[in-house]
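Notes for the structure review
Listed below are the residues making up each chain.
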Amino acid sequence: MLRNSAPRLLNFCLVAFLTANLSPINATADTTNILFLAGGRSHASGEHEFRAGCMLLAKALNEQSGLDVEATVISGWPDDSSVFDDVDAVVIYSDGTKVIRHGWDRADQLAKSGVGLMFMHYAVHPSPKEGEQYFRPWIGAAMETGWSVNPHWVADLKVLPEHPISNGIDNLVPAYDEFYYNMRFQKDRAAVYDLVTAVPTRDRLKRVINLWNQHGVDGIGKRQTLMWGIEREDGGRGVGFTGGHYHRNWAVDDFRKIVLNAIVWVAGAEVPADGVTSQPVTVEALNANLDKYPTENPVIPLPNLEDYRNLPPATNVSMEDYNNAKTSRPKRSKKAKAKS
């Protein structure tokens, strides 16, 4: 009995040892490691789907890009700091600073060691103090209340020519999103790349909401930076992107490619000449991993840009109209305001 069980025990221990010490199947010493940190549920289904968006992008990188990339998604700030070991880039997609506030010092250490940092949508919005202390050194700019604005509009996205971000993008990329604009940039503005720009116009502004101000009005008809990037003195890179409110936009092929290109670039890897490839997003893929709500999630359809182009323009664009509309609105509860 002992003679028969000993080889089995030896084989079991050997398999357990190898399994515990193997890297991911496709990983090598040259693998680019990307960590997504996703925020929690906040808006209605289909909006601010941080976890689902991160998982969709990570799957594209891991399974569809053909690149030597290992992308991992974690919800919130990780309890185990070892997940940052050997990471090449951290991508944060969340409500404001709800994720990064749990790791300011660690993130600063990562940046100073040359790790790439990318913040998407609402995650580009720290306090003015945090913007000056962290965001502008890390990524070159940040959103700032009273300075920046957050309208919903149809933008023709223009990528920066001859930068890796533009690889595989031959034309303007139209999308309807809550594209913030008028960021607060670092003092050395010339060192910040205007990776993606677009021009808001009166007819393209469809919703003007809570952070609207005179800077937003003055910016109409002028080219605005919606994605920016820097190459830091520490050797790392930083990127901010103001889009990503509507989950459906990940199904827009070139919209998704721009962001995938930016993620690979911020990680310090080479962006393929044709850009980062990924498979077209199906309705099933778009609706995978959505946040759970008390009622069943409505199915998110694939986006049809013409539907959004045909939406009527916002009627409260001027500050006079905006303030009049604001004062005439019925007061909302604190709970309702928190969900804005």
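To start, this report covers the structure provided alongside it. (Residues numbered from 1 in each chain as written. Predicted model: local features only at pLDDT ≥ 70, side-chain atom pairs only at ≥ 80, totals over all residues. Heavy atoms only, no water.)

**Remarks on the environment of Val-264**
For the record, the criterion: Secondary structure elements follow DSSP: runs of H or I no shorter than four residues count as helices, runs of E no shorter than two count as strands, and numbering proceeds from the N terminus. Throughout this description, buried means an accessible area under 20% of the type-specific maximum (1.4 Å probe, protein chains only), exposed means over 50%, and partly exposed covers the range between. Contact between two residues is taken to exist if any of their heavy atoms lie within 4.5 Å; hydrogens are not considered.
Structurally, Val-264 is set in helix α6 (residues 253–266). Judged by relative accessible area, Val-264 falls into the buried class, the value being 1%. Sequence separation between Val-264 and Val-276 is 12 residues; the distance between their C-alpha atoms is 8.1 Å. Residues in contact with Val-264, not counting those within four places in the same chain, are Leu-61, Leu-67, Ala-269, Glu-270, Val-271 and Val-276.

**What to know about the nonpolar core**
Stated formally: Buried Ala, Val, Leu, Ile, Met, Phe, Trp, Tyr and Cys residues that are joined via side-chain atoms within 4.5 Å together make up what is termed a nonpolar core.
Grouped together as the largest cluster of nonpolar side chains are 63 residues, with contacts concentrated most on Phe-36, Leu-61, Met-118, Leu-157, Trp-212 and Met-227. If one sorts the elements of this core by residue count, α6 sits on top with nine residues. Those residues in contact with Phe-36, other than ones at most four positions away along the chain, are Cys-54, Leu-57, Ala-58, Leu-61, Ala-71, Thr-72, Val-73, Ile-74, Val-91 and Ile-263. Listed in part, the 33 residues of the second largest apolar core include Phe-84, Val-90, Ala-123 and Tyr-180.

**Side note on the pairing of strand β7 (residues 173–177)**
Short version of the rule: Two strands are said to pair when DSSP picks up at least two bridges between them.
Of all five residues in β7, four are buried; the element is thus mostly enclosed. In this sheet, β7 lies alongside strand β6 (residues 152–159) in antiparallel orientation, the contact comprising five bridges. Directly across from Trp-153, in β7, lies its bridge partner Asp-177.

**So, a nonpolar patch on the surface**
The following threshold applies: By definition, no residue in a patch forms a salt bridge, and every one has over 30% relative accessible area; like charges are joined within 9 Å, nonpolar side chains (Val, Leu, Ile, Met, Phe, Trp, Tyr) within 5 Å. Using a 1.4 Å probe, accessible areas were evaluated by the Shrake-Rupley method; residue-level cover was limited to the displayed protein chains. Salt bridge, as used here, is a side-chain nitrogen of Lys or Arg placed within 4 Å of a carboxyl oxygen of Asp or Glu.
A cluster of nonpolar side chains, Val-283, Val-299 and Leu-302, forms an exposed patch at the surface whose accessible area comes to about 250 Å². By the secondary structure assignment, Val-283 is in helix α7 (residues 283–286). Accessibility expressed as a relative area gives 36% for Val-283, which makes it partly exposed.

**Quick word on the packing of aromatic side chains**
The following threshold applies: For this analysis, a ring pair means two rings from Phe, Tyr or Trp (six-membered ring only for Trp) whose centres lie within 6.5 Å, classed as stacked if their planes differ by under 30 degrees, edge-to-face if by over 60, and tilted for the remaining angles.
If you walk through the whole model with that rule in mind, you get 19 aromatic pairs. Ring centres of Phe-119 and Phe-135 lie 4.6 Å apart, and the angle between their planes is 45°; on these two criteria the pair is classed as tilted. A residue pair is termed long-range when its members are at least 10 positions apart, and Phe-119 in strand β4 (residues 116–120) and Phe-135 in helix α4 (residues 128–139) qualify at 16 residues. Relative accessible area serves as the criterion here: at 1%, Phe-119 is assigned to the buried category.

**Re the environment of Pro-174**
Within the secondary structure, Pro-174 is located in strand β7. Take Pro-174: its relative accessible area is 29%, and that puts it in the partly exposed class. As a C-alpha pair, Pro-174 and Leu-157 span 17 residues in sequence and 5.9 Å in three-dimensional space. When neighbours within four sequence positions are excluded, Pro-174 is seen to be in contact with Ala-155, Asp-156, Val-252, Leu-305 and Arg-309.

**Digging into helix α2 (residues 50–64)**
Here is the rule: Multiplying 1.5 Å by the residue count of a helix minus one yields the expected span of that helix.
Compared with an ideal rise of 1.5 Å per residue, which puts 15 residues at 21 Å, α2 spans 20 Å between its outermost C-alpha atoms and is within 8% of the ideal. Within α2, burial applies to Phe-50, Ala-52, Gly-53, Cys-54, Leu-56, Leu-57, Ala-58, Ala-60 and Leu-61. Residues of α2 that are buried make contact with β1 (32–38), β2 (69–75), β3 (89–93), β4, α6 and α7. In the stretch just after α2, Gly-66 is the one whose phi turns positive, near 75°.

**Overview of the pattern of salt bridges**
Inspection of every chain in the model, using the stated rule, returns 10 salt bridges. When the shortest N-O distance is used, the salt bridge between Asp-156 and Arg-204 registers 2.9 Å. Residue Asp-156 is found in strand β6, and its partner Arg-204 is found in the loop between β9 (193–198) and β10 (205–207); the two are separated by 48 residues along the sequence. Between Glu-306 and Arg-309 there is a salt bridge whose closest N-O contact spans 3.4 Å. Taken as a pair, Glu-306 and Arg-309 lie in helix α8 (residues 305–309) at a separation of three residues, close to a single helical turn. In this structure Glu-306 comes out as partly exposed when scored by relative accessible area, which is 42%.

**Here we look at the packing of helix α3 (residues 104–112) against α4**
Each pair of packed helices can be summarised by the angle the axes make with each other and by the distance between the axes. Operational definition: Interaxial angles span 0 to 180 degrees and are taken between N-to-C directions of axes, which are lines fitted to C-alpha atoms, for helices over the stretch in contact. Roughly parallel refers to an angle under 35 degrees, roughly antiparallel to one over 145, roughly perpendicular to one between 65 and 115, and oblique to any angle outside these ranges. Helix crossings get a hand from a simple test, with the near helix turned counterclockwise from the far one by less than a right angle marking a left-handed crossing and a clockwise turn marking a right-handed one. In this classification, the charged set is Asp, Glu, Lys and Arg, the nonpolar set is Ala, Val, Leu, Ile, Met, Phe, Trp, Tyr, Cys and Pro, and all remaining amino acids, among them Gly, are polar.
The geometry of α3 relative to α4 is characterised by a closest axis approach of 10 Å and an angle of 30° between their N-to-C directions. Looking at the two axes, α3 sits roughly parallel to α4. Helix-helix and strand crossings are classified by hand; for α3 and α4 the assignment is left-handed. Here α3 contributes Trp-104, Asp-105, Ala-107, Asp-108 and Ala-111 to the contact with α4, which in turn contributes Glu-130, Tyr-134, Phe-135 and Trp-138. Residue classes in the contact of α3 with α4 are distributed as six nonpolar, no polar and three charged.

**A word on a negative patch on the surface**
To be explicit about the condition: By the counting scheme adopted, Arg and Lys are positive, Glu and Asp are negative, and His together with the chain ends is not counted. Lysine's charge is taken at NZ, arginine's at CZ, aspartate's at CG and glutamate's at CD.
A surface patch of like charges, here negative, comprises Asp-79, Asp-80, Asp-85 and Asp-86. Positionally, Asp-79 belongs in the loop between β2 and β3.

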